[in-house]
Amino acid sequence: MGRLLDNQRLLPSQHATQPGSAVAGRWTLQLMVVVPLLVLLAMALAGLLVVRSNQESTTRQLVAQQADETELLAKLIGSKLEQSQKVLATVAEAAAPWALDSRPTLEWLLDQGLPATRYFDSMVFARGAQVFRLDFRSGDGSRAEVESAERDLLRRVIVDGKPQVSDPVKSTLGGPSIALGIPLRARDGSVQGAMAGVLRLQSQSLLPVSLAVPARENAQLVVMSTSGVVISHPDPSRILGMAVDEPALAQALRLWSERERNGASNGAQAWWRAPQLISVAEIPAARWLVVRVVQHEASLPLVGHMLDTWAGLPVLALALAMVGLSLAWLWWHTRKLRTMVADIPPPMPGEALIAGDELDQIGRQLRSLQQQQSLLERRLQQKSQLADIVLESARFSMLLLKNERMVQVSQALSHLLGYDRSELEGKDVQLLAMDAADLDALWNQAQPLLSRDGSAEVTVSLRHQSGAPVIATVQMVRVLGVAEGYLWCFVRAGQARVASRSASQQDKLTELPSYDALFSHLTAMLQAQREGLDGSSPSTPVLFYVNVDNMSSINALAGHAQGDLVLQQVARQLQMLQPFQGFAARVAGDKFALVLRQCSREKADALARQLCEALQNWQPELRGKHFMVTVSIGLLHMDAGFADAHQVIRAADMACYEAKRHGGNSVHWRAERVETGGASLRHG
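In this text the structure is predicted, and so the values were computed from the model without any measurement.

1. Section: the sheet that holds strand E24 (residues 631-637)
Here five strands make up an open sheet; going across it, the order is E20-E21-E19-E24-E25 and the pairing mixed. Whereas interior strands pair on both sides, the edge strands pair on one side only; in this sheet they are strand E20 (582-588) and strand E25 (667-670). Across the sheet, the mean angle from the axis of one strand to that of its neighbour is 20 degrees, orientation sign disregarded. Sheet topology places strand E19 (residues 542-548) next to E24; seven bridges connect them, and they run antiparallel. When the bridges of E24 are listed, valine 546 appears paired with isoleucine 633. Seen against the sheet, helix H14 (residues 560-577) touches E19, E20 and strand E21 (591-596) and runs at an angle of roughly 5 degrees to E21. Sitting on the sheet, helix H16 (residues 645-661) is in contact with E19, E21, E24 and E25, with an inclination near 140 degrees to E24.

In structure tokens:
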């Protein structure tokens, strides 16, 4: 009551102010200014994104359109080159007899195909050492001097024996020209000469004059070779110049060269390189490039004037409506915030409550809740540590299930079943079932009792890690007050026992398991390894194969009854060395086996030496004579690579034989596996 009065004195206006007449605090006023600004900023950003998206869409359309137009021009020029080559082939057929040194003169032969020859500006012929030109621009077909570039073309045509296209040259007769060469062949296909048709670059037969005229002032259309020689240009003075002299053409040539090096297709390509849009297409017949360059300002629509039109008014009205709705929503929730602050519970003991605005009070309350959360977390951690100690140290076995999955397993239960806790936690409870059908039947039998009484008790056969059955009485108790599906299972340690073996699996003399039991145990371990049930073990299982040295001498000198005492002593020593998860058995006669599921190489060596020393120091007196009992031990690491238990036992017997071959009373490791099946080692 005193603390409540103190809080009322610290906040005199907290309960006096009615929620309906609340006045906004400093934080609320700041929020009323910030939120509209954020709304306007979001709208501006959205508008910018829309404009940007429209620009990118328009740019993509322009790039694709310009690439298509450039490719169309390239195909048009390529078709003109192909047409010129076909005309030249017709003339070559008429000139073939002259190349064979026949009677008709060249002029007479050309007269036969005169319309075709007039297609070219001039013709150049070569036969042997005879090279001359016929110029048709004058109209009389007079002979003229042959230029060096044309001689080189004719020479290459004769040597290669196929049509050639020369690089653009600046001819003295008619300005920039191009020559198309073709061989003159005999009927047997041999090359007897060559001829070439010369065309001016700006002739109607090759590159029309209109091609050099740009469609717009800020657009440029250029034809150039792949080596960078300008063939057609809006500026006539740039023809036969180099593309590297103009930044836009140099950039187009570089982009096309990089594209070819990357193995791209031969189709037209366009690139956006602000402030220019560049498109390039190839003319395959002559390895020329058609380049088109358009300036940035002419390639994009002006979308920034959208708000200056009547279409922008609805957008502005929508923005103002959103701001008004935001302010109304904020004011309404401010009243609710004031009411919520007035109803905040008092802080934890020791923390003073000072009057302030809403944000300060909420911050103090959040800090108080954080302290309470930290306190609860510490208590929960302490309880978890206590639970871990109980599960680790308790001598009784217990198991926590959630929807038939093992959540927590005590150390005692894991030892009882031959597992580590980490091997069981998180796994399905079916892993422990000796028979899945019996477990389901017991589970269905226990469900009505669990629903009615909250607990049930059943007797079940569980599966040991080695594969042996374990009979256990389990009491199941439902966990109330938490999430559904949790179930505690308590195993009564006094009633849990390993299932008894049949008489055929027990050795009467030593009371150890027999060879059949050992074989079943090894088979179960190999199967568990193949199924991945033993994958978390820190080391592979080790098999000790023990053979008593000189057992036939002991039987001969002391008698078989005294020899049985030696075998019983060896069995007792093996049982003393056998940990909880070990398995000792008498294989046959004076041969024994010890299986340790988790054993390192160093630990195995130490246990083998301990067994040898214990038997050697025993020195029993049999019929008045003292005997020294020694053993030979073969050690073997077991893994899933062994085919079956027969192969494991045979490999261990071979290791034991190696120890006996070195004089007995020794230990030998068998490193490699035996690949052949081998017969059973069981003796009579």
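And the narrative resumes.
2. With respect to the packing of aromatic side chains
Inspection of every chain in the model, using the stated rule, returns two aromatic pairs. Considering the side-chain rings of tryptophan 488 and phenylalanine 490, the 6.0 Å spacing of their centres and the 25 degrees angle between planes classify their relative orientation as stacked. Judged by relative accessible area, tryptophan 488 falls into the partly exposed class, the value being 24%. Taking the relative accessible area as the measure of exposure, phenylalanine 490 reaches 28% and is therefore partly exposed. Measuring from centroid to centroid gives 6.3 Å for tyrosine 515 and phenylalanine 519, while their planes differ by 35 degrees, and the two rings are tilted. Of the two residues, tyrosine 515 and phenylalanine 519 both sit in helix H12 (residues 515-530), four residues apart, roughly one turn of that helix.

3. Some details on a negative patch on the surface
Among the surface-exposed residues, Glu404, Asp428, Asp435, Asp438 and Asp440 lie close enough to one another that they form a single negatively charged patch. Relative to the helices and strands, aspartate 435 is located in the loop between helix H10 (421-424) and helix H11 (436-453). With relative accessibility at 37%, the residue aspartate 435 sits in the partly exposed group.

4. Description of the pairing of strand E12 (residues 288-295)
Consecutive side chains along a regular strand alternate between the two faces of the sheet. With seven of eight residues buried, E12 lies mostly within the body of the structure. With seven bridges joining them, strand E8 (residues 219-225) and E12 adopt antiparallel strand pairing. Directly across from serine 225, in E12, lies its bridge partner tryptophan 288. One ladder, built from eight bridges, connects strand E11 (residues 276-283) with E12; its direction is antiparallel. By the bridge assignment, valine 280 is partnered in E12 with valine 291.

5. Regarding the side chain of glutamate 246
By the secondary structure assignment, glutamate 246 is in the loop between strand E9 (230-232) and helix H6 (247-261). You can call glutamate 246 buried: its relative accessible area is 15%.

6. What about the pattern of salt bridges?
Counted according to the given criterion, the structure contains ten salt bridges. A salt bridge links arginine 254 to glutamate 258, with the shortest nitrogen-to-oxygen separation between them at 3.3 Å. On the criterion of helical spacing, the pair formed by arginine 254 and glutamate 258 is a turn pair, its members being four residues apart in helix H6. Owing to a relative accessible area of 41%, arginine 254 belongs among the partly exposed residues under this scheme. In this structure glutamate 258 comes out as partly exposed when scored by relative accessible area, which is 30%. In this structure, lysine 591 engages aspartate 653 in a salt bridge whose closest nitrogen and oxygen atoms are separated by 3.9 Å. With a gap of 62 residues between them, lysine 591 in strand E21 and aspartate 653 in helix H16 connect regions that are remote in the sequence. Exposure remark for aspartate 653: the relative accessible area of 17% places this residue in the buried category.

7. Notes on the environment of aspartate 152
Among the secondary structure elements, aspartate 152 is positioned in helix H5 (residues 148-160). The spacing of aspartate 152 and serine 166 is 14 residues in sequence and 8.8 Å in space, taken between C-alpha atoms.

8. Here we look at the sheet that holds E9
In spatial order, the strands read E9-E8-E12-E11-E10; together these five strands make up an open sheet with antiparallel pairing. Each end of this open sheet is capped by a strand with a single partner; those strands are E9 and strand E10 (269-273). Mean inter-strand twist for the sheet, computed between neighbouring axes without regard to direction, equals 30 degrees.

9. Here's the deal with a nonpolar patch on the surface
A cluster of nonpolar residues, Val33, Leu37 and Leu40, forms a patch on the protein surface that exposes about 290 Å² of accessible area. Residue classification places leucine 40 among the partly exposed residues on the basis of a relative accessible area of 45%.

10. Here's the deal with the environment of leucine 88
Within the secondary structure, leucine 88 is located in helix H2 (residues 26-99). Look at leucine 88 and you get buried, because its relative accessible area is 2%. The sequence separation of leucine 88 and alanine 196 amounts to 108 residues, and the corresponding C-alpha distance is 7.7 Å. Ignoring sequence-local partners within four residues, the contact set of leucine 88 consists of Phe120, Met123, Leu180, Gly181, Ile182, Met195, Ala196 and Gly197.

11. Overview of the pairing of E8
Counting buried positions along E8 gives seven out of seven residues, so the element sits mostly inside the fold. In terms of strand pairing, E8 meets E9 through two bridges, oriented antiparallel. The residue of E9 that forms the bridge with methionine 224 is valine 230. Where E8 folds back on E9, the antiparallel hairpin that results is connected by four residues, among which glycine 228 adopts a positive phi of roughly 100 degrees.

12. Quick word on the packing of H12 against H16
With their axes 9 Å apart at the nearest point, H12 and H16 run at an angle of 110 degrees to one another. Overall, the two elements H12 and H16 adopt an arrangement that is roughly perpendicular. Relative to H16, H12 is oriented so that their crossing is right-handed. Between H12 and H16, the contacting residues are Tyr515, Leu518, Phe519, Leu522, Thr523 and Leu526 on the first element and Ala645, His646, Val648 and Ile649 on the second. The residue inventory of the contact of H12 with H16, partitioned by class, reads eight nonpolar, two polar and no charged.

13. Considering the packing of H14 against helix H15 (residues 601-618)
At a closest axis distance of 11 Å, the pairing of H14 and H15 adopts a crossing angle of 145 degrees. Crossing handedness for the pair H14 and H15: right-handed. Between H14, through Leu565, Val566, Gln569, Val570, Gln573, Leu574 and Leu577, and H15, the contact on the second element is made entirely by Leu607, Gln610, Leu611, Ala614, Leu615 and Trp618. Tallied by class, the residues present in the contact of H14 with H15 amount to ten nonpolar, three polar and no charged.

Rules of the game
Residues numbered from 1 in each chain as written. Predicted model: local features only at pLDDT ≥ 70, side-chain atom pairs only at ≥ 80, totals over all residues. Heavy atoms only, no water. Pairing = 2+ DSSP bridges. Helix = DSSP H or I, 4+ residues; strand = E, 2+ residues; numbered from the N terminus. Axes fitted to C-alpha atoms, helices over the stretch in contact; angles between N-to-C directions. Contact = heavy atoms within 4.5 Å. Phe/Tyr/Trp six-rings, centres within 6.5 Å; stacked < 30°, edge-to-face > 60°. Buried < 20%, exposed > 50% of the residue type's maximum accessible area, 1.4 Å probe, protein only. Patch = residues over 30% accessible without salt bridge, like charges linked within 9 Å, V, L, I, M, F, W, Y side chains within 5 Å. Areas by Shrake-Rupley, 256 points an atom, 1.4 Å probe, with all protein chains shown as cover. Salt bridge = Lys/Arg side-chain N within 4 Å of Asp/Glu carboxyl O. Lys, Arg positive; Asp, Glu negative; His and termini not counted. Charge placed at Lys NZ, Arg CZ, Asp CG, Glu CD. Parallel < 35°, antiparallel > 145°, perpendicular 65-115°, else oblique. Left-handed = near helix turned anticlockwise from the far one by under 90°. Nonpolar A, V, L, I, M, F, W, Y, C, P; charged D, E, K, R; others polar.

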